[in-house]
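Examining the three-dimensional arrangement
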Amino acid sequence: MFRKEILNKEKNSVEDTEISNNGSLLIIGNKYTLSSMDIIKIKKKFDNIEYLEEKYISDEKIINFLKDNIHTKDIRLVVFNSSKELTTNIINFFIELQNSISFATFDSFEENILNKIYVPEDKSSINYLQEIQPYSRFAYVSKRVVDYVGALTLLTLTSPVMLYSVYKIKKESKGSILFKQPRVGQNGKDFNCLKFRSMHENSKFDPYTRKNDSRIFPWGEFMRKSRIDELPQLFNVLKGDMHLIGPRAEWNILVKEYKNEIAFYSQRHIVKPGITGWAQVNYPYGVNAKDAREKLMFDLYYIKNWNMWLEFKTVLKTASVVIGKKGV
């Protein structure tokens, strides 16, 4: 484990590295695997990514690697991503380098650089539950103010689009205008989530939406990419089933599957779901449990680190998605 001196400086040093936006990142070990999207995001913050594989981890090899490469490769941050414990020898070496280089555990790196919280695959410990707590009273009241003001404003501004969508749905696909689906809300309780119908009625059942899905009619495709199909959920927000921003309200059938496959998945249900959220604007539309696990990491980051600035950032990123029709 890192000594107290390093742990106390870890968060600030990682955040300082994020601001510097250059140099190289060194990852020691391969206990956890970075996703392709993680690597893309890292390359926007660092010039290069260097790796020291698990089989090469020893006091001598770590120390020699850093001595040989810290300046030539301009290493700014070292992330310890190994199942092996650090020895006193290595810790003392790290302390000597603190003024010229930053250090972080993998969990801290994920939270402060990638803006998500790593979800452990090991289900044997419940310590993780202490890290993610419901919103404080102040945060909840603040979010409800945002909900009411935002929902009423959006209903007023988008009413022409909603009326036009009603017309297009009737024209392109016979059946109901709205689609009601049981979704899982706060504390695991189901509610009927409202959406504009984007698929032909009586289509073949498939819990996931596929690329070029034949079940989706043309205007339905446009609504999904631009998020117009989500607009009826504004009534869910006013009713109190949802927030404007929060974890995605997931279908109850999929939730049963994810709860069995993904550790701590139910932790996202300690708060109300949202029409849009940090996960939706940071990760593409999911098609399997692996994607659901990745999105969970962003959801838990949002819950743990909620503040008005994060709320505002999510709104801006959502607007970018809508304008660019990059529905996720």
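Before reading further, recall that the structure is shown in the block above.
First things first, this report covers the structure right here in the doc. Being a predicted model, the structure only gives us computed values, none of them experimental.

Calculation notes
- Residues numbered from 1 in each chain as written.
- Predicted model: local features only at pLDDT ≥ 70, side-chain atom pairs only at ≥ 80, totals over all residues.
- Heavy atoms only, no water.
- Buried < 20%, exposed > 50% of the residue type's maximum accessible area, 1.4 Å probe, protein only.
- Helix = DSSP H or I, 4+ residues; strand = E, 2+ residues; numbered from the N terminus.
- Arc of directions from axis to C-beta.
- Polar contact = N/O pair within 3.5 Å; in protein donor to acceptor, adjacent residues only side chain to side chain.
- Contact = heavy atoms within 4.5 Å.
- Phe/Tyr/Trp six-rings, centres within 6.5 Å; stacked < 30°, edge-to-face > 60°.
- Lys NZ or Arg CZ within 6 Å of the ring centre and 35° of its normal.
- Axes fitted to C-alpha atoms, helices over the stretch in contact; angles between N-to-C directions.
- Parallel < 35°, antiparallel > 145°, perpendicular 65-115°, else oblique.
- Left-handed = near helix turned anticlockwise from the far one by under 90°.
- Nonpolar A, V, L, I, M, F, W, Y, C, P; charged D, E, K, R; others polar.
- Salt bridge = Lys/Arg side-chain N within 4 Å of Asp/Glu carboxyl O.
- Pairing = 2+ DSSP bridges.

By the burial criterion, the buried members of helix α2 (residues 36-45) are D38, I42 and K45. One side of α2 holds all its buried residues, which, seen down the axis, span an arc of 55°. Facing away from the buried side of α2 by more than 90 degrees, the exposed set consists of S36, I40, K43 and K44.

You can see T314 is positioned in helix α12 (residues 308-324). Among the polar contacts listed, one links the side chain of T314 to the backbone oxygen of L310, at a separation of 2.8 Å. Setting aside chain neighbours within four positions, we find T314 in contact with I245, G277, W278, V281 and Y302.

For the rest of this paragraph, the subject is the packing of aromatic side chains. The full count for this structure, using the stated rule, is twelve aromatic pairs. One aromatic cluster in this structure is built from Y32, F106, F109 and Y118. Between R144 and the ring centre of Y148, over which it is positioned, the NZ or CZ distance is 4.6 Å. Above the face of the Y118 ring, R293 is positioned so that its terminal group lies 5.3 Å from the ring centre.

Below, the discussion takes up the packing of helix α3 (residues 59-69) against helix α4 (residues 88-96). Running from N to C, α3 and α4 point in directions that differ by 15°, and their axes come no closer than 9 Å. The orientation of α3 with respect to α4, classified from their angle, is roughly parallel. The interaxial crossing formed by α3 with α4 has left-handed handedness. Note on element contacts: α4 touches α3 through N89, I90, F93 and F94, opposite D59, I62, I63, L66 and K67. The residue makeup of the contact of α3 with α4, split by class, is six nonpolar, one polar and two charged.

Let's shift gears to the pattern of salt bridges. Where charged atoms from two side chains of opposite charge approach closely, those side chains can pair. Going through the model one piece at a time under the given rule, you end up with 15 salt bridges. We note a salt bridge from E111 to K304, for which the minimum N-O separation is 3.3 Å. In this pair, E111 sits in helix α5 (residues 106-113) while K304 sits in helix α11 (residues 289-304), placing the two residues 193 residues apart along the sequence. Given a relative accessible area of 35%, K304 falls into the partly exposed group. Here D229 makes a salt bridge to K195, at a shortest N to O gap of 3.3 Å. In this pair, D229 sits in the loop between α7 (218-226) and α8 (233-239) while K195 sits in strand β6 (residues 190-196), placing the two residues 34 residues apart along the sequence. A relative accessible area of 10% means that K195 is categorised as buried. Each of D38, K116 and E294 takes part in salt bridges that share partners, so that together they form one network.

Here we take up the sheet that holds strand β1 (residues 24-28). Judged by pairing direction, the sheet is parallel, and its four strands sit side by side in the order β2-β1-β3-β4 without closing on themselves. Each of the sheet's edge strands pairs with one partner strand only, and the pair in question is β2 (48-52) and β4 (102-105). Each adjacent strand pair in this sheet contributes to an overall mean axis angle of 20°, direction not counted. Bridging between β1 and strand β3 (residues 75-80) involves five bridges; their strand directions are parallel.

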